[in-house]
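Given next are the chains, with one letter for each unit.
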Amino acid sequence: MLNFDFYNPTHIAFGEGKIADLNTLVPHNARVLMLYGGGSIHKNGVYDEVKLALGSRLVAEFSGIEPNPTYETLMKAVAEVKAHQIDFLLAVGGGSVIDGTKFVAAAAVFEGDDPWEILEKRGNNVNSALPFGSVLTLPATGSEMNSGAVITRTSIHAKLAFGSRHCFPQFSVLDPVKTYTLPVRQVGNGVVDAFVHVMEQYLTYPVNAPVQDRFAEGILLTLIEEGPKALETPENYEVRANLMWAATMALNGVISTGVPQDWATHMIGHELTALHGLDHAQTLAIILPAMLRVRKEAKREKLLQFADRVWGLRDGDEASRIESAISRMQAFFETMGVKTRLQDYGLGAEHIPALIASLEAHRMTKLGERRDVTPDISRQVLELAI
Ligand code: NZQ
Ligand code: ZN
């Protein structure tokens, strides 16, 4: 096992009715800015429950944080924070709202010239942030219990990630009932995103870390078993609860302790979203199967373990077990309603050069657990994904 530091200070309040706990989780004298998205929280009662729980606190609002939250929109929120002397942020929504709130928290107290530098430096220049919490409505990203965020700058077609130990939510409220209203597309996206998060941390090379491996395999099996049930029975509390906790555990730092991490699929996926507007999970469903096929030699041992322990594939030669495991995973993404080919989204070979140029412009030229995913390998992955 590799050396590691594990730090995660986020308090999780989980279960039906837990939004009421905001009354104790948010400081009583806080000047709160509540940040949310396009209005789903007005339709499913979340907005009303949050306002009720916040009681007589001073609460300003900032709405309109879009999926793949933009620097352009978020800088308006930073201006609101400054104008109203806000000292506590409350994100209410999915990963985009929580990520956006992390950026606002860091940008509002940023000491440099332009907070975009936070993205350029991947968060290494974040020395403090406003305190914030979240109410999660979409299980997918793990943003509710991690310190990362992904921000898009529309004007330059850039979608970049940053992370900082100052950007963990102080708390996150997870009420599975609030996920009943998710559109089918977002249910599928959430399951695929969480699945790929696990794969980025598990499907590398063995370092004798059986706790992390079996934990990762447990999350994958849970997503495979529970994901389709959420599509069939949207108001099944147990199913929603298990999916919600699986997605949180997939990216809160626990399964990445002491193991190598890949993340090449995510970095190529971010370019697909920045240039073509695909949903985050759609990009992952396209890239990961092709990535595993192109890099199957380097990942051979873990692919065989994945085939055995996650898909129960024990017969046949190694090559056929590996291909079957990748095919089963790809079929699972399709079962969740997420298409897995570039052509399914109207994209083809003619779009690949610009994607590679973007990877190079963003210095994404040595990706993967061994930093050997060059632009040439990324090109092979994209070509195989057509
Ligand atoms: O904006 P509203 O009206 O709220 O609607 C949202 C949005 O349109 C809707 N929605 C959310 N909860 C709902 C609901 N609709 C009905 N009922 C509910 N309960 O769902 C739509 C998508 O929301 P969004 O927040 O964009 O989705 P998601 O949670 O998948 O977040 C995606 C973003 O997170 C980033 C992605 O790159 C992308 O920008 N990621 C963040 C990560 C992190 N912080 O660690 C890691 C991930 O790999 C990912 O990159
Ligand atoms: Zn993701």
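Counting starts from 1 at the beginning of each chain's written sequence and moves along it residue by residue. Each chain is given a letter, starting from A, and each ligand a number, starting from 1, according to the order in which they appear as written. This being a predicted model, a pLDDT of at least 70 is required before a residue's local features are given, and a value of 80 or more before pairs of side-chain atoms are given or counted; all residues contribute to the totals for chains, interfaces and linings.

Chemist: An account of the overall build of the protein chain is requested, with residue identities and associated values reported.
Modeler: Along its length, the protein chain carries 15 helices and eight strands. Computation of the radius of gyration draws on C-alpha atoms, with the globule rule given as 2.2 Å multiplied by the number of residues to the power 0.38. The globule rule puts the C-alpha radius of gyration for 386 residues at 21 Å, and the 20 Å found for the protein chain is close to it. Here the C-alpha coordinates of the protein chain stretch approximately 65 × 45 × 45 Å along the principal axes. Three exposure classes are used, all based on how many other C-beta atoms lie within 10 Å of a residue's own C-beta (placed from the backbone): buried at 20 or more, exposed at 12 or fewer, and partly exposed between those limits. Within the span of the protein chain, comprising 386 residues, buried residues form 49% of the whole. Once C-beta atoms have been placed from the backbone, residue pairs whose C-beta atoms lie within 7 Å are recorded as contacts. The contacts in the protein chain between residues at least 6 apart in sequence include a share of 79% that link residues at least 24 apart. Helix and strand definitions follow DSSP, with helices as H or I runs of at least four residues and strands as E runs of at least two, each counted in order from the N terminus.

Chemist: Any details on the domain arrangement of the protein chain? Residues and values, ideally.
Modeler: Boundary definitions for the domains trace back to an automatic or database domain assignment. Split by domain assignment, the protein chain resolves into domain 1 (11-178) and domain 2 (183-384). Summarising the inter-unit geometry, the C-alpha centres of domain 1 and domain 2 are found 26 Å apart. The set of elements that each furnish at least two residues to the side of domain 1 that touches domain 2 consists of strand 6 (148-153) and strand 7 (158-163). The biggest single contributor to the side of domain 1 that touches domain 2 is strand 7, with three residues. Only Asp, Glu, Lys and Arg are considered charged, only Ala, Val, Leu, Ile, Met, Phe, Trp, Tyr, Cys and Pro nonpolar, and every remaining residue, Gly among them, polar. In the side of domain 1 that touches domain 2, the residues fall into ten nonpolar, six polar and two charged.

Chemist: I'd like a rundown of the site of ligand 1, residues and numbers included.
Modeler: All residues are tested the same way: a C-beta atom is placed from the backbone, and lying within 6 Å of a molecule or strand makes the residue near it. Near ligand 1 you find 35 residues, and of these Gly37, Gly38, Pro67, Gly94 and Gly95 are the closest. Split by residue class, the shell around ligand 1 holds nine nonpolar, 23 polar and three charged. Of the domains in this structure, domain 1 (11-178) and domain 2 (183-384) are the two that each give at least three residues to the shell around ligand 1.

Chemist: An account of the UniProt feature "domain: Alcohol dehydrogenase iron-type/glycerol dehydrogenase GldA" (unreviewed entry) in the protein chain is needed here, citing residue identities and associated values.
Modeler: UniProt positions are given in the numbering used here, feature names are shortened, and annotations may be inferred rather than shown by experiment. The UniProt feature table records "domain: Alcohol dehydrogenase iron-type/glycerol dehydrogenase GldA" (unreviewed entry) at residues 9-176. Taken as a whole, residues 9-176 contains 29% helix and 25% strand, while its terminal C-alpha atoms sit 22 Å from one another.

Chemist: Summarise the sheet that holds strand 2 (residues 31-36); cite the residues concerned and give the values.
Modeler: Following DSSP output, two strands are said to pair if at least two bridges run between them. The strand order across the open sheet formed by six strands is 1-8-5-4-2-3, and the pairing between neighbours is parallel. Only two strands of the sheet have a single partner each, and these edge strands are strand 1 (11-14) and strand 3 (58-62). Pairwise comparison of adjacent strand axes, ignoring direction, gives a mean angle of 20° for this sheet. Relative to strand 5 (residues 132-136), strand 4 (residues 88-93) runs parallel, the two being bridged by five bridges. Within strand 5, the residue paired with Ala91 across the bridge is Ser134. Interaxial angles span 0 to 180 degrees and are taken between N-to-C directions of axes, which are lines fitted to C-alpha atoms, for helices over the stretch in contact.

Chemist: Account for the packing of helix 10 (residues 264-276) against helix 14 (residues 352-361), naming residues and giving values.
Modeler: Helix 14 packs onto helix 10 with a crossing angle of 115° between their chain directions and a minimal axis gap of 10 Å. By crossing handedness, the relation of helix 10 to helix 14 is classed as right-handed. Within the contact between the two elements, helix 10 uses Ile268, Glu271, Leu272, Ala274 and Leu275 and helix 14 uses Ala354, Leu355, Ser358 and Leu359. Looking at the contact of helix 10 with helix 14 residue by residue, the classes come out as seven nonpolar, one polar and one charged. Take the far helix as the reference: if the near one is turned anticlockwise from it by less than a right angle, the crossing is left-handed, and if turned clockwise, right-handed.

Chemist: How would you sum up helix 12 (residues 300-309)? Please name residues and give values.
Modeler: By the burial criterion, the buried members of helix 12 are Leu303, Phe306 and Ala307. The buried side chains of helix 12 occupy one side of the element, clustering within an arc of 100° when seen end-on. Where helix 12 is buried, its residues contact helix 11 (280-294) and helix 13 (318-335). By construction, the arc corresponds to the directions joining the helix axis to the C-beta atoms.

Chemist: Tell me about the nonpolar core, residues and numbers included.
Modeler: Within the largest apolar cluster, 116 residues are counted, with the highest numbers of intra-cluster contacts made by Leu35, Leu89, Leu90, Val92, Val104, Val192 and Val198. Tallying contributions element by element places helix 11 first for this core, with ten residues. When residues of this core are assigned to domains, at least three fall in each of domain 1 (11-178) and domain 2 (183-384). Once residues within four sequence positions are removed from consideration, Leu35 is found in contact with Phe62, Ile65, Ala77, Leu89, Leu90, Ala91, Val97, Gly100, Thr101 and Val104. A set of buried residues qualifies as a nonpolar core if it consists of Ala, Val, Leu, Ile, Met, Phe, Trp, Tyr and Cys joined through C-beta atoms within 7 Å.

Chemist: So what's going on with the pairing of strand 6? Residues and values would help.
Modeler: Of the strand pairs in this sheet, strand 6 and strand 7 are connected by six bridges, and their pairing is antiparallel. Of the residues in strand 7, the one forming a bridge with Val150 is Ala161. Between the end of strand 6 and the start of strand 7, which pair antiparallel, lie four residues, with His157 showing a positive phi angle near 50°.

Chemist: Let's hear about the packing of helix 12 against helix 13: which residues, and what values?
Modeler: At a closest axis distance of 9 Å, the pairing of helix 12 and helix 13 adopts a crossing angle of 65°. Between helix 12 and helix 13, the angle falls in the class roughly perpendicular. Both helix 12 and helix 13 take part in a crossing whose hand is left-handed. Touching Leu303, Leu304, Phe306 and Ala307 of helix 12 are Glu318, Arg321, Ile322, Ser324 and Ala325, all from helix 13. In what follows, roughly perpendicular refers to angles from 65 to 115 degrees, roughly parallel to angles under 35, roughly antiparallel to angles over 145, and oblique to any angle outside these ranges.

Chemist: If you had to explain the UniProt feature "domain: Fe-containing alcohol dehydrogenase-like C-terminal" (unreviewed entry) in the protein chain to someone new, which residues and values would you point to?
Modeler: The residues that UniProt annotates with the feature "domain: Fe-containing alcohol dehydrogenase-like C-terminal" (unreviewed entry) are residues 190-357. In the segment residues 190-357, helix accounts for 67% and strand for 0%; the C-alpha atoms at its two ends are 29 Å apart.

Chemist: Explain the environment of Leu275 to me, and be specific about the residues and the numbers.
Modeler: Mapped onto the fold, Leu275 is located in helix 10. Placed 119 residues apart in sequence, Leu275 and Ile156 show a C-alpha to C-alpha distance of 9.7 Å. With residues near it in sequence (within four places) discarded, Leu275 still touches His157, Ala354, Leu355 and Ser358.

Chemist: How would you sum up unusual backbone geometry? Please name residues and give values.
Modeler: Backbone geometry at Asn208 places phi at a positive 55°, although glycine is not the residue there. Within the secondary structure layout, Asn208 lies in the loop between helix 7 (184-202) and helix 8 (210-232). For Asn208, a count of 8 C-beta atoms within 10 Å translates into the label exposed.

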